[in-house]
Each structure stands twice: as structure tokens, then as C-alpha cells.
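Here is how the chains run, residue by residue.
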Amino acid sequence: IMKKLILSSVICLVTLGVFAQEQKEDGERYNQYGVKVNRQKLQAEERNGILVFESLNQSYKFWFDIRVQLDGAVFWGLDKDFDPIGNNVSVRRARFAVKAQINKNWYGEIDTDFSNGEFELKDAIIEFTGLDNFSFKAGNFKEDFSMEQTTSSRYLPFMERPMVVQTFAPSRHLGIQAEYAKHWWRASFGVFFQAIDNLETSTFVADNNKDYGRNQGMSYTGKVNFMPFSDDRTMGLHFGIAGSYRTPKTDVDPKDFGGSRFSSRNSTSINRKKYLDTDVIKDVKHDLLYGLELAGYKNGFRFQSELIGNNTKVKNTNAEYAGTHHFGGWYVMAGYLLFGGQQRFNNAEGEFTQPGRGKKWGDLEILARYDYMDLNSRSIRGGSGENYTIGLNYYVNNSVKFVLNYQYSSNDRYANGKGKLIVEHDADGKPTADYTKVAAKKGKAGVNYSMLGLRMEIDF
């Protein structure tokens, strides 16, 4: 019996070997579904710290995009009457993305985030580029409205985006978008639906649907960019104008559906307090966003600015807030590479990208930014605030960057934290009056404080 088993095993191995040899010779392969597949040999390369697999004829490309950002911040200068801000460290981003150029016409991407142990879906994209100068995109991705919002977090000049961008510039939503780009100008238009970030937003969407039968809501967003000197890699200018018409979405708590809420943190995500906050504005008919951009660079110098405004139209059914309310803000920033580096601009996307370093050991960039936002409009008092930020970036190589930010934040008397009653005290320490009333009378400001933040980042 043992001899028969050994003989049978030898016969099977020989048969499999012959079959495998036949497969190798004729080149046929089948996938797990029994379908014959086409084959291409891939070569692996490291390109500026990114692992890339590409076919020999360059028709297919597959790569990973992984990013880790570790943040820490300390705060001081806060008035004793306000709640203290805790110093802390956090994983700001832990991103893992897989991207593929299937052929010259089709591109796909999925991008996720696991920062602080919480899963979020970022990008999930299908893109067609088979027509000259045109591209068509569908899935979950950033709306093309603000150059600072669409700039990848790996290339942000400061630890956080300006308040007005965080608050009003649309980020990722489900949608479809068409884009035309040629030489010195580009234009885009898209139709978008709800946000899908994490379990909370998807639960809100499901509850609004199954319990109330509510429509998802829609947004229409368009943008035009002009980029003189687009053929010159050492200098350039950028002009942009954008607009977005938006109706209420179902990615909010069902009790807040039909309203709009605008709020922002002053500084890093470590300070969780949102001093600027309109609370929910109910019975909103639509929001109308508009944005203007101006940016430029020459050698190691760059500047960038945006103005973003929003008109919120409230239905007449809400007697307290009926009519149109205006909110908005702006920022301006500038930076300079100290050791001969070159600023770079991505004309295809209309945004700054990774700078070129001037020395073998890297380069240092010094930056300054002022940003302002106002959430006060008639009877709505969401507060206004401004930030003065100085930054120092150390670009070690293509993958490693250190970011150091000092920021002073100043807020008006209405930006003292939603629902927080602050009181003044007499000499005996007894409360005298509601802080908001006293502040309004004396013109006293709201929450003011300083922050020092550090980011360590690696991209690969």
C-alpha cells in the first residue's frame, strides 16, 4: 500500500509539473473566478520615497500613499475666567491609500485614515481621462472650491488650515465632477451629495432616510483658475474664482436636518473647543458660497490668499432668523525657503506642492499667516476671531518634515464658547454679572491665548 501511495504521489507531482510547464510556455493564467487574464511584467521603483509598481510599457501603474503626522501642542495666556486648554499630543493623521493608473484613460483610488484609532473613509475615486484636456471623476472626493482645502495634507504649509477654510470650504462629498485644463487655465463643475466620513455620518444618513424619507440634498460647485507663466517653473501667478449653491444634507443628526451650522477651532485639533459657533440655524433654504484666490511664487518665495463668503438664506417660517445672513473671512500667508530651495506649483490642480530643497541636508522655510473669520450676522452671534501665526518648516528629505508653529488667537466677546456663561467677580470672589453683558458694555474681548505646536511627519 505504501509503495502505491508513493507511486501515485510521484505521478501527481510529475503531472502537475508538466501542466505547470505547459502554463509557463503558453503564458495562460486564470483568476480565482476562472477567467483567463492578461499579463504584464511590473518593475518596482522608489520614487521620492513612494513605492511604485509600473509595467514596462508604462500603461499600468500601482502605488501606495502612506502618511503619518504626530502633533503636540502647549497653550498659555488664557484668562482665568475661561475653561483651561489642556496640553496634549495626538496622531493627527494615519493615512493609507492605494492608487492605480489602470491604463492611460482610467484611474482609481481608495484612501483611509486611522488616526487615534478611528476609521474614516477619505477618497474613493473612479476617474476617466480619455478625452483631450478633459477629466471626469465620480466617488467620494474633495469639491474643487478652495486651493487650501484641496491641497494634500502632506504639503500644508501650517499645521492646520485657516479658520475660514475649515468652516466654509467644502471638503469630501459623494459626487461627480467634470474638469477642463489646458496650459494657463482650468475650469471644473460638479454635483455633490452628502458626506460619508465615518460611522456617525453614515448613521445620520440612514436614519434620515428610513425614519423620515428625506432627500439627501445637493450642491453645485464650480471653479475657474487662471495661471499666467504656467510654462515657467521658477515663477508663477494664480487667480481663482469659485462658487457653490448648497441645500441642506442628511449627513447631520435628524433633529438638526434642514439647518446649517458653522463652527471652527482656532488652532490645532488638540484644542477641541470651538469658540466660534453659530449653533444650528434652522429652516435654511440654501447656502450660497463664493471664493476668490490669489497666489504666486518666484524661486524660494511664495504667497497665497483667499477670501471666502457665505450667504445663508433662511425661510420665512423661521421668524427670528428669516432673511439672508452673511458670514465669511479671509487669510493671507507668505513663505520663503532660506537655503536656495525652489517653490513648486501644480498647475493641473491649481495648488502648491512639494518644494525643492536647496541643500543635501534639506531646507528650512520660514512662514507667516494672518487669518480672520466672522460668524456674526444680525441676530446670530457666532463670534469672530483672528489668528497670527509664525511657522518654521524643516524639509529633511522627500519623506520627512518637521513643522513648528507659534500662534496667537484673539476672539471677540461673542466667541467665548457655545453655551458658556462667563462671569466677572468682585473683590470677595463673588460673581457680579453675566460676562457677555459686561463684555458688551465694556468692549472686553473674548477668549485670547497663545499656542506652540510641533508636527513630525513621514510620507512613504
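Calculation notes
- Residues numbered from 1 in each chain as written.
- Predicted model: local features only at pLDDT ≥ 70, side-chain atom pairs only at ≥ 80, totals over all residues.
- Heavy atoms only, no water.
- Phe/Tyr/Trp six-rings, centres within 6.5 Å; stacked < 30°, edge-to-face > 60°.
- Helix = DSSP H or I, 4+ residues; strand = E, 2+ residues; numbered from the N terminus.
- Lys NZ or Arg CZ within 6 Å of the ring centre and 35° of its normal.
- 1 Å grid on protein atoms, 1.4 Å probe; cavity = no way out; pocket = protein on both sides within 12 Å on 5 of 7 lines; lining within 4 Å.
- Points joined across faces, edges and corners; volume = space filled by probe spheres on them.
- Pairing = 2+ DSSP bridges.
- Salt bridge = Lys/Arg side-chain N within 4 Å of Asp/Glu carboxyl O.
- Contact = heavy atoms within 4.5 Å.
- pLDDT = per-residue confidence, 0-100.

Visitor: Honestly, the packing of aromatic side chains in this entry has me stumped. Any pointers?
Guide: Any aromatic ring pair is given by two values, namely how distant the centres are and how the planes are angled relative to each other. In total, this model carries 25 aromatic pairs according to the counting rule given. Centre to centre, the rings of Trp 330 and Tyr 370 are 5.2 Å apart; their planes meet at 50°, and the pair counts as tilted. Note that Trp 330 is positioned in strand 18 (residues 323–337) and Tyr 370 in strand 21 (residues 363–377), a separation of 40 residues in sequence. In textbook terms, an aromatic cluster arises when at least three aromatic residues are bridged by ring pairs, as seen for Phe 53, Phe 62, Phe 64 and Phe 96. The ring of Trp 63 has Lys 61 sitting right over it, with the charged end atom 5.0 Å from the ring centre. Lying across the ring of Phe 158, Arg 369 places its NZ or CZ 4.4 Å from the centre.

Visitor: What's the story with empty space enclosed by the protein in this structure? I'm lost.
Guide: By rolling a water-sized probe across the atoms, one finds the places where empty space is left. The tally for this structure, following the rule as stated, stands at four cavities of 30 Å³ or more. Reported here for the largest cavity is a volume of approximately 100 Å³. What lines the largest cavity is a set of 13 residues, and nearest its centre among them are Gln 354, Tyr 395, Asn 398, Lys 401 and Asp 459. Looking at the lining of the largest cavity, the elements that each hand over two or more residues are strand 23 (400–411) and strand 26 (448–459).

Visitor: Could you clarify how one ought to interpret the pairing of strand 17 (residues 301–314) in this entry?
Guide: A regular strand places its side chains on the two faces of the sheet in alternate fashion. Taken together, the 14 bridges between strand 16 (residues 284–298) and strand 17 define a ladder with antiparallel strand orientation. The partner of Val 284 across the bridge, within strand 17, is Val 314. Between strand 16 and strand 17, which pair antiparallel and follow one another directly, the connecting turn spans two residues, one of which, Asn 299, has a positive phi of 55°. In the sheet, strand 17 pairs with strand 18 via 14 bridges, with the strands oriented antiparallel. Across the sheet, the residue bridging to Val 314 is Gly 323, located in strand 18.

Visitor: What's the story with unusual backbone geometry in this structure? I'm lost.
Guide: Most peptide bonds take the trans configuration, and most residues that are not glycine carry a negative phi. Although it is not a glycine, Asn 48 sits at a positive phi angle of roughly 50°. Its location among the elements puts Asn 48 in the loop between strand 3 (42–47) and strand 4 (50–55). Positive phi, normally seen in glycine, also occurs at Asp 283, with a value near 60°. Along the polypeptide, Asp 283 turns up in the loop between strand 15 (276–277) and strand 16.

Visitor: Is there a simple way to think about the pairing of strand 10 (residues 172–182) in this case?
Guide: Bridge analysis of strand 9 (residues 134–142) against strand 10 gives nine bridges, and the strand direction is antiparallel. Opposite Ala 138, over in strand 10, you have Ile 176 as the bridge partner. The pairing of strand 10 with strand 11 (residues 185–192) spans eight bridges and is classified as antiparallel. Across the sheet, the residue bridging to Ala 181 is Arg 186, located in strand 11. Between strand 10 and strand 11, which pair antiparallel one after the other, the connecting turn spans two residues, and His 183 there sits at a positive phi close to 55°.

Visitor: Would you take a moment to explain the pattern of salt bridges for this structure?
Guide: Two side chains that carry opposite charge are able to pair once their charged atoms sit near each other. Applying the stated criterion to the full structure yields 24 salt bridges. With a shortest N-O distance of 3.1 Å, Lys 122 and Glu 120 are connected by a salt bridge. By sharing partners, the salt bridges in this structure join Asp 65, Arg 67, Lys 99, Glu 109 and Arg 154 into a single network.

Visitor: Looking at this structure, I do not really get the side chain of Ser 146. What am I missing?
Guide: As for its placement among the helices and strands, Ser 146 is situated in the loop between strand 9 and helix 2 (147–150). Excluding anything up to four places from it in sequence, Ser 146 contacts Val 165, Ala 169, Lys 223, Glu 293, Glu 306 and Ile 308.

Visitor: Hey, could you run me through the confidence of the model for the protein in this one?
Guide: Here the protein averages 89 in pLDDT, while 88% of its residues score no lower than 70. Contacts for the low-pLDDT stretch residues 18–25, under 50 throughout, to residues beyond four places or in other chains number three contacts.

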